[in-house]
Amino acid sequence: MEMVASPKRIRRIHPKKFALWTAIVSILMFFSAFTSAYIVRKAAGNWLSFPIVEEFFYSTGVILSSSIILHVAYRAFVNKNYQLYRILLTIGFILGILFVSLQYAGWLALNQKGIFIYTNQSSSFFVMLIGTHALHVIGGITALMISWIYAMKKNTLEWTPKGQLRLELTFTYWHFVDVLWLYLLLFIWTQQ
């Protein structure tokens, strides 16, 4: 009697998803290094504390709302409810832009309080952490804008695996940026 092994189906992660998760892990390591350096430098002394401006708390509510709305938009896309998907994606995109605007208003408020990159090492670290996050948010806004442009095309009334992958990548990154902002805000708030 001859034994024949049944072929096992190997589940593989899409290369673009793998690249995104690799980038997310790299970004996490980058911010871990920044926050570790922040803690070490703070312990050395000559550290100024400053309040977190209210615009940063408002922006937190906005980015959380954006993330929730974009999750619901993704569900609407998968369920082929394209009208709801377009509306929610537009709202999520606008909230992303509002987040950036509130962050900018927060920077202006900090500058009015005399906190600049050259004030002290503490303000330099703060600017470095929040500024680097801002660059990642701009990347997320760009991805949201591209998804929004595709959503507004007439041929988006067809579900495609490529369209779903684009949304999964965009929304995964946006949720990551959201969680990263929460981490940074809590970290800086607890380190005052």
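The name given to the chain in an unreviewed UniProt entry is Cytochrome c oxidase subunit 3, with Aureispira anguillae as the source organism. Under the UniProt heading Sequence similarities (unreviewed entry), the note attached to the chain is "Belongs to the cytochrome c oxidase subunit 3 family."

Enquirer: Sorry if this is basic, but what is going on with the overall build of the chain here?
Expert: When helices and strands are tallied, the chain shows 5 helices and 0 strands. Moving toward the C terminus, one meets the helices and strands of the chain in the order α-α-α-α-α. For the C-alpha atoms alone, the extent of the chain along its principal axes is close to 75 × 50 × 20 Å. Intrachain contacts of the chain at a sequence separation of at least 6 include 86% that bridge at least 24 residues. Within the chain, the 6 negative side-chain charges are centred at a point lying 6 Å from the centre of the 16 positive side-chain charges.

Enquirer: Explain the packing of aromatic side chains here, please?
Expert: In this description, an aromatic ring pair is defined by two values, namely the gap between the centres and the angle between the planes. Using the criterion set out here, one finds 16 aromatic pairs in the structure. On the basis of an interplanar angle of 50° and a centroid distance of 6.0 Å, the ring pair of Phe-56 and Phe-126 is categorised as tilted. In this pair, Phe-56 is assigned in helix H2 (residues 54-78) and Phe-126 in helix H4 (residues 121-152), connecting sequence segments 70 residues apart. The same class applies to Phe-56 and to Phe-126, which are both buried. Aromatic pair Phe-56 and Trp-181: ring centres 5.7 Å apart, planes at 65°, arrangement edge-to-face. Separated by 125 residues along the polypeptide, Phe-56 in helix H2 and Trp-181 in helix H5 (residues 161-190) bring together distant segments of the chain. Each member of the pair, Phe-56 as well as Trp-181, is classed as buried. Across from the ring centre of Tyr-150, 3.8 Å away, lies the NZ or CZ of Arg-166, which sits over that ring.

Enquirer: What exactly am I supposed to notice about the UniProt feature "transmembrane region" (unreviewed entry) in the chain here?
Expert: Under the local residue numbering, the UniProt record ascribes the feature "transmembrane region" (unreviewed entry) to residues 18-40, 56-77, 84-105, 125-150 and 171-189. Between the C-alpha atoms that bound residues 18-40 there is a distance of 33 Å. The span itself is 100% helix and 0% strand. Counted over residues 171-189, helix gives 100% and strand 0%. Its end C-alpha atoms are 27 Å apart.

Enquirer: Sorry if this is basic, but what is going on with the environment of Thr-90 here?
Expert: Among the secondary structure elements, Thr-90 is positioned in helix H3 (residues 82-112). Between the C-alpha atoms of Thr-90 and Asn-79, which are 11 residues apart in sequence, the distance is 18 Å. Here Thr-90 is in contact with Trp-148 and Met-152, once residues within four sequence places are set aside. Reaching out from Thr-90, the side chain makes a polar contact with the side chain of Trp-148 at a distance of 2.9 Å.

Enquirer: Teacher, can you tell me more about the pattern of salt bridges here?
Expert: Oppositely charged side chains are able to pair whenever their charged atoms sit close together. Per the counting criterion, the structure on display carries 1 salt bridge. A salt bridge links Glu-168 to Lys-17, with the nearest nitrogen and oxygen atoms 2.6 Å apart. Pair noted here: Glu-168 is in helix H5 and Lys-17 is in helix H1 (residues 15-43), with a separation of 151 residues, a long-range link. By relative accessible area, which is 19% here, Glu-168 ends up buried.

Enquirer: Help me out: how do you make sense of H3 in this one?
Expert: Because an α-helix completes one turn every 3.6 residues, residues spaced three or four positions apart along the sequence face the same direction. Here H3 contains 31 residues, and its C-alpha end-to-end distance of 45 Å stays within 8% of the 45 Å for a straight helix at 1.5 Å per residue. Where H3 ends, the next residue or the one after it, Gly-114, has phi of about 85°, a positive value.

Enquirer: Help me out: how do you make sense of the packing of H1 against H4 in this one?
Expert: Geometrically, a packed helix pair is captured by the angle between its two axes and the distance between the axes. Where H1 contacts H4, the axes come no closer than 10 Å and their chain directions differ by 170°. The orientation of H1 relative to H4 falls into the category roughly antiparallel. Contacts between H1 and H4 involve Ile-27, Phe-30, Phe-31, Phe-34, Thr-35, Ala-37, Tyr-38 and Arg-41 from the first element and Gln-121, Ser-122, Phe-125, Phe-126, Met-128, Leu-129, Thr-132, His-133 and His-136 from the second. For the contact of H1 with H4, the per-class residue count stands at 10 nonpolar, 6 polar and 1 charged.

Conventions we followed
Residues numbered from 1 in each chain as written. Predicted model: local features only at pLDDT ≥ 70, side-chain atom pairs only at ≥ 80, totals over all residues. Heavy atoms only, no water. UniProt positions renumbered as here; feature names shortened; annotations may be inferred. Helix = DSSP H or I, 4+ residues; strand = E, 2+ residues; numbered from the N terminus. Contact = heavy atoms within 4.5 Å. Lys, Arg positive; Asp, Glu negative; His and termini not counted. Charge placed at Lys NZ, Arg CZ, Asp CG, Glu CD. Phe/Tyr/Trp six-rings, centres within 6.5 Å; stacked < 30°, edge-to-face > 60°. Buried < 20%, exposed > 50% of the residue type's maximum accessible area, 1.4 Å probe, protein only. Lys NZ or Arg CZ within 6 Å of the ring centre and 35° of its normal. Polar contact = N/O pair within 3.5 Å; in protein donor to acceptor, adjacent residues only side chain to side chain. Salt bridge = Lys/Arg side-chain N within 4 Å of Asp/Glu carboxyl O. Expected span 1.5 Å × (residues − 1). Axes fitted to C-alpha atoms, helices over the stretch in contact; angles between N-to-C directions. Parallel < 35°, antiparallel > 145°, perpendicular 65-115°, else oblique. Nonpolar A, V, L, I, M, F, W, Y, C, P; charged D, E, K, R; others polar.

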